[in-house]
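Residues per chain, in single letters:
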Amino acid sequence: MPDMRPIRDDLQATLDARRDLGPDYEAALVDSFVERLDAAIAARVQAELNGHGVAPARPKQHNGGAAMIPVALGSMGLGIPLTAIAASNAGLVGLTITWLAIVAINVAAAVAIMRRA
């Protein structure tokens with residue numbers, strides 16, 4: 001079993017600081033201790049994984065919102081002239097079909113981007 005001394009010393013220092021500072025700082029002291037404990041646990045897990053030859057996991061990058069910006073801007077940019085053309089040539093039916101197509105394209109793009117993320 002790994003040496004628990006550093007964690008015990010950390011906890012003792014936190015308790016001493018709480019005694020000196022009073023209960024007003026209790027939440028901040030607990031948060032600080034938990035962060036240090038979490039870092040110690042993560043380091044131990046990583047050391048154990050490295051000992052077994054397991055590569056560290058990479059966190060997933062989630063940028064779905066940023067990927068939708070060009071689609072949204074393109075929809076607005078093309079939607080304005082398409083609205084004018086559809087309304088003048090086909091009336092309300094053409095306008096409705098045009099905007100349903102724009103919505104369908106945006107939904108399909110959003111679903112594809114979310115599946116990739």
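In case you missed it, the structure is sitting above this.
What counts, and at which threshold
Residues numbered from 1 in each chain as written. Predicted model: local features only at pLDDT ≥ 70, side-chain atom pairs only at ≥ 80, totals over all residues. Heavy atoms only, no water. Helix = DSSP H or I, 4+ residues; strand = E, 2+ residues; numbered from the N terminus. Expected span 1.5 Å × (residues − 1). Axes fitted to C-alpha atoms, helices over the stretch in contact; angles between N-to-C directions. Parallel < 35°, antiparallel > 145°, perpendicular 65-115°, else oblique. Contact = heavy atoms within 4.5 Å. Patch = residues over 30% accessible without salt bridge, like charges linked within 9 Å, V, L, I, M, F, W, Y side chains within 5 Å. Areas by Shrake-Rupley, 256 points an atom, 1.4 Å probe, with all protein chains shown as cover. Salt bridge = Lys/Arg side-chain N within 4 Å of Asp/Glu carboxyl O. Buried < 20%, exposed > 50% of the residue type's maximum accessible area, 1.4 Å probe, protein only.

Student: I'd like a rundown of helix α1 (residues 5–21), residues and numbers included.
Tutor: Taking 1.5 Å of rise per residue, the 17 residues of α1 would be expected to cover 24 Å, and the 24 Å separating its terminal C-alpha atoms lies within 8% of that figure. Residue G22 follows α1 closely and has a positive phi angle near 95°.

Student: Explain the packing of α1 against helix α2 (residues 26–51) to me, using residue names and the numbers behind them.
Tutor: Taken N-terminus to C-terminus, the directions of α1 and α2 make an angle of 175°; their axes are 10 Å apart at the nearest point. By the angle between their directions, the pair α1 and α2 is classed as roughly antiparallel. Only E26, L29, F33, R36, L37, A40 and R44 of α2 make contact with α1, whose side of the interface consists of I7, D10, L11, T14, A17, R18 and L21.

Student: So, a nonpolar patch on the surface: which residues are in play, and what are the values?
Tutor: Taken together, the side chains of I41, V45 and L49 present a nonpolar region at the surface, about 230 Å² in accessible area. Along the chain, L49 turns up in helix α2. On the accessibility criterion, L49 (31% relative accessible area) is partly exposed.

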